[in-house]
There are 2 protein chains.
Amino acid sequence: LKITLAYDGTRFVGWQRQADGESIQGLLESALARLEGAPVTAHGAGRTDAGVHAVGQVASATVSFSHDPATVFRSLNAQLPADVRVLAVDEAAPGFHARFSARRKTYRYQIAQAPTASPFERAFAWHVPEPLDVPAMDTAAAALVGTHDFAAFHSTGSPAATTVRTIMRSEWRRQATGFAGVGQECLLVYEVSGDGFLRHMVRTVVGTLVEVGRGWRPSSSVGELLEGGTRAAAGPTAPAHGLFLVQVEYD
Amino acid sequence: LKITLAYDGTRFVGWQRQADGESIQGLLESALARLEGAPVTAHGAGRTDAGVHAVGQVASATVSFSHDPATVFRSLNAQLPADVRVLAVDEAAPGFHARFSARRKTYRYQIAQAPTASPFERAFAWHVPEPLDVPAMDTAAAALVGTHDFAAFHSTGSPAATTVRTIMRSEWRRQATGFAGVGQECLLVYEVSGDGFLRHMVRTVVGTLVEVGRGWRPSSSVGELLEGGTRAAAGPTAPAHGLFLVQVEYD
């Protein structure tokens, strides 16, 4: 099965099952196990961290039950809490694996750039009260497009075999907060698509680009970080609650 | 002082101080009392119910301290929790009263009309899975504009001296959910401006208009309710968590 999900990550330990705390994987596996009558393993396309949200996470699971996808869809949503919603259930081709079959993933990072943090965005955007130079951030973001070694932008100790990744899109834009009528401000939205992302990579990129926006480092420093920079030379890891896994694409 | 506030009403008992539970009025009065060194009373323009949100509530308070408005602004936001934010502090003319001086108030009601409720809107929109006839709802809404007796649209037992109110604007529109990238759906947004609103009036209007949208009652029934209908003949009270006090205007 290919299962597409959205979740508000605020209260979870992340996608992945942990010894303590509730995970989205754990909830989904429990709901599938009730249909299967036996344990089921679900693989997620992106192992989102604690506090990270998703509007288009994809999970794969192999099951033997013969309920049609519409029945599974209803049953899963009936079992899952309101902050986790199944958006679609599809039959997948044999061998489909949500993570290994993924060709392209898109993440979004939201910044609430306003003197006063809106109560309606505090769980879904990083509040930066100071003005940011968005054109400089966008210039720096564009330098990430292409195939590069992202070693400077990932958490040390992460087990990736290679730190080379290909980024197809990396850009900032201003977006009015259509939601909840908070007309006083707009969001700064960063969208990045790539063939894969290292642990904490998007958040480290955002932390670095915000330092560019603050004037603390030049736009050109991003290119230098790609050409052999170290994690210590990059910016801080931006807070988890501004990050969304938006879309996962397959062949 | 004239104090403009935004709040996520989810966890509060409403604007007004109550024997049990946290209220926005109570929090604001406590924060003002710390500056004043004595108890302070704050009057709200709209006494929003439990669960109702605000993006532009206005409160008035008479104080004797001489801190400038910018200092009061910072001090209040430092004291208040993240789900209540002061947006502005202004010196008001003598005799200013947030409720009695108000000339026009605007409320918004948000409906998430989609088969699956988005995790990101569950606290800020009423989820209606069934399709709604929005043009019929808008036609019915337009019939409310003007000066009418809204007795059919208010909670019995409310203490208003008169149930006549003037509505300047009453309309539905579709709005993309720019927030959080939930591109799968749009919100149905009702905006209504008037010189005043009875208790539960907006929510009863919305509950009635949604019955029009479902085809359970004709658009013309709204006119009949205004011409001597009873509360029992109107629709149900829509849930509190879709309602926002948007703006309060003064001379």
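Residues numbered from 1 in each chain as written. Chains lettered and ligands numbered in written order. Predicted model: local features only at pLDDT ≥ 70, side-chain atom pairs only at ≥ 80, totals over all residues. Heavy atoms only, no water.

## A short note on the overall build of chain A
Step number 1: Looking only at helices and strands, chain A features five helices and 10 strands.
Step number 2: A compact globule built from 251 residues would reach a C-alpha radius of gyration of about 18 Å, and chain A, at 19 Å, matches this within 12%.
Step number 3: A principal-axis box enclosing the C-alpha atoms of chain A has dimensions of 55 × 45 × 35 Å.
Step number 4: Counting across all 251 residues of chain A, residues that qualify as buried make up 57%.
Step number 5: Considering only residue pairs separated by 6 or more positions, chain A has 70% of its internal contacts joining residues 24 or more positions apart.
Step number 6: Just so you have it, chain A exposes about 10,300 Å², and 51% of that area is on carbon and sulfur atoms.
Step number 7: Seen as two clouds, the 22 positive and the 24 negative side-chain charges of chain A have centres 2 Å apart. (Helix = DSSP H or I, 4+ residues; strand = E, 2+ residues; numbered from the N terminus. Rg over C-alpha atoms; globule rule 2.2 N^0.38 Å. Buried < 20%, exposed > 50% of the residue type's maximum accessible area, 1.4 Å probe, protein only. Contact = heavy atoms within 4.5 Å. Areas by Shrake-Rupley, 256 points an atom, 1.4 Å probe, with all protein chains shown as cover. Lys, Arg positive; Asp, Glu negative; His and termini not counted. Charge placed at Lys NZ, Arg CZ, Asp CG, Glu CD.)

## Side note on the packing of helix 1 (residues 24-36) of chain B against helix 2 (residues 69-79) of chain B
Residues and elements named next belong to chain B.
Step number 1: As a packed pair, helix 1 and helix 2 sit with axes 10 Å apart at the nearest point and diverge in direction by 125 degrees. Classified by the angle between their axes, helix 1 and helix 2 sit oblique to one another. Like other packed secondary-structure pairs, helix 1 and helix 2 cross with a definite hand, here right-handed. Across from L28, S30, A31, L32, R34 and L35 in helix 1, the residues of helix 2 making contact are V72, S75, L76 and Q79.
Step number 2: Broken down by class, the residue content of the contact of helix 1 with helix 2 amounts to six nonpolar, three polar and one charged. (Axes fitted to C-alpha atoms, helices over the stretch in contact; angles between N-to-C directions. Parallel < 35°, antiparallel > 145°, perpendicular 65-115°, else oblique. Left-handed = near helix turned anticlockwise from the far one by under 90°. Nonpolar A, V, L, I, M, F, W, Y, C, P; charged D, E, K, R; others polar.)

## Observations concerning helix 1 (residues 24-36) of chain A
Residues and elements named next belong to chain A.
Step number 1: Counted at 1.5 Å a residue, the expected span for helix 1 with its 13 residues is 18 Å, and the 18 Å between its end C-alpha atoms agrees.
Step number 2: Those residues of helix 1 not exposed but buried are I24, Q25, G26, L27, L28, E29, A31, L32 and L35.
Step number 3: Those residues of helix 1 that are buried are in contact with strand 1 (2-7), strand 2 (42-44), strand 3 (53-61), helix 2 (69-79) and strand 4 (84-90).
Step number 4: G37 sits one or two residues past helix 1 and shows a positive phi near 75 degrees. (Expected span 1.5 Å × (residues − 1).)

## Overview of the side chain of H154 of chain A
Residue and element names in this part refer to chain A.
Step number 1: Here H154 shows up in the loop between strand 7 (146-149) and strand 8 (164-176).
Step number 2: There is a polar contact of 3.0 Å between the side chain of H154 and the backbone oxygen of A151.
Step number 3: Beyond its immediate stretch of four places on either side in the chain, H154 contacts T163, L198, R199 and R231. (Polar contact = N/O pair within 3.5 Å; in protein donor to acceptor, adjacent residues only side chain to side chain.)

## Quick word on unusual backbone geometry
Step number 1: One non-glycine residue, H200 of chain A, adopts positive backbone phi at about 65 degrees.
Step number 2: Looking at where H200 of chain A falls in the secondary structure, it is placed in the loop between strand 9 (186-194) and helix 4 (201-213).

## Let's talk about the relation of the copies chain A and chain B
Superposition of the two copies of the chain requires a rotation about an axis and a shift along the axis.
Step number 1: The two copies are related by a screw motion: chain A maps onto chain B through a turn of 180 degrees and a shift of 0.0 Å along the axis, at an RMSD of 0.0 Å. The symmetry that links the two subunits is that of a two-fold axis.
Step number 2: Both copies share a contact surface, since 100% of the interface residues of chain A are interface residues in chain B too. (Least-squares fit on C-alpha atoms with pLDDT ≥ 70 in both.)

## Some details on the interface of chain A and chain B
Step number 1: Taken together, the 31 residues of chain A in the interface contact 31 residues of chain B.
Step number 2: Both sides together, the interface formed by chain A and chain B hides about 2,500 Å², and carbon and sulfur atoms give 68% of it.
Step number 3: Our enumeration of links across chain A and chain B arrives at three salt bridges.
Step number 4: Applying the counting criterion to the chain A and chain B interface returns two residue pairs in polar contact (both at pLDDT 80 or more).
Step number 5: Put simply, the parts of the chain that give the side of chain A that touches chain B at least two residues each are strand 1, strand 3, helix 2, strand 4 and strand 5 (104-112) of chain A.
Step number 6: Residues of the side of chain A that touches chain B, tallied by class, amount to 17 nonpolar, eight polar and six charged. (Buried area = accessible area lost by both parts, 1.4 Å probe. Salt bridge = Lys/Arg side-chain N within 4 Å of Asp/Glu carboxyl O.)

## Focus: the pairing of strand 3 (residues 53-61) of chain B
Residues and elements named next belong to chain B.
Step number 1: For strand 3, the tally of buried residues reaches nine of nine residues, placing the bulk of the element in the interior.
Step number 2: Two elements, strand 1 (residues 2-7) and strand 3, share five bridges in a ladder whose sense is antiparallel. In the strand pairing of strand 3, K2 is matched with S60.
Step number 3: Bridge count between strand 3 and strand 10 (residues 243-249): two bridges; the pairing is parallel. Looking at strand 10, one finds that A54 is bridged to L245. (Pairing = 2+ DSSP bridges.)

## Here's the deal with the confidence of the model for chain A
Residues and elements named next belong to chain A.
Step number 1: For chain A, per-residue confidence averages 92 on the pLDDT scale, and 95% of positions sit at 70 or higher.
Step number 2: This model gives residues 179-183 a pLDDT under 50, and the stretch forms 19 contacts once residues within four places in sequence are excluded.
Step number 3: Confidence estimates for the predicted assembly give a pTM of 0.87 and an ipTM of 0.79. (pLDDT = per-residue confidence, 0-100.)

## Structural notes on the environment of L132 of chain A
Residue and element names in this part refer to chain A.
Step number 1: Checked against the element boundaries, L132 lands in the loop between strand 6 (126-127) and helix 3 (134-142).
Step number 2: Considering only alpha carbons, one finds L132 and Q113, 19 residues apart in sequence, at a separation of 7.7 Å.
Step number 3: If we ignore the near neighbours within four places in the chain, the residues touching L132 are I111, Q113, M137, R174, L188, V210, G213 and R214.

## Quick look at the packing of helix 3 of chain A against helix 4 of chain A
Residue and element names in this part refer to chain A.
Step number 1: The geometry of helix 3 relative to helix 4 is characterised by a closest axis approach of 8 Å and an angle of 140 degrees between their N-to-C directions. Here helix 4 runs oblique to helix 3, going by the angle between their axes. Crossing of helix 3 over helix 4 shows right-handed handedness. Contact residues: A136, M137, A140 and A141 in helix 3; L209, V210, V212 and G213 in helix 4.
Step number 2: In terms of residue class, the contact of helix 3 with helix 4 is built from seven nonpolar, one polar and no charged.

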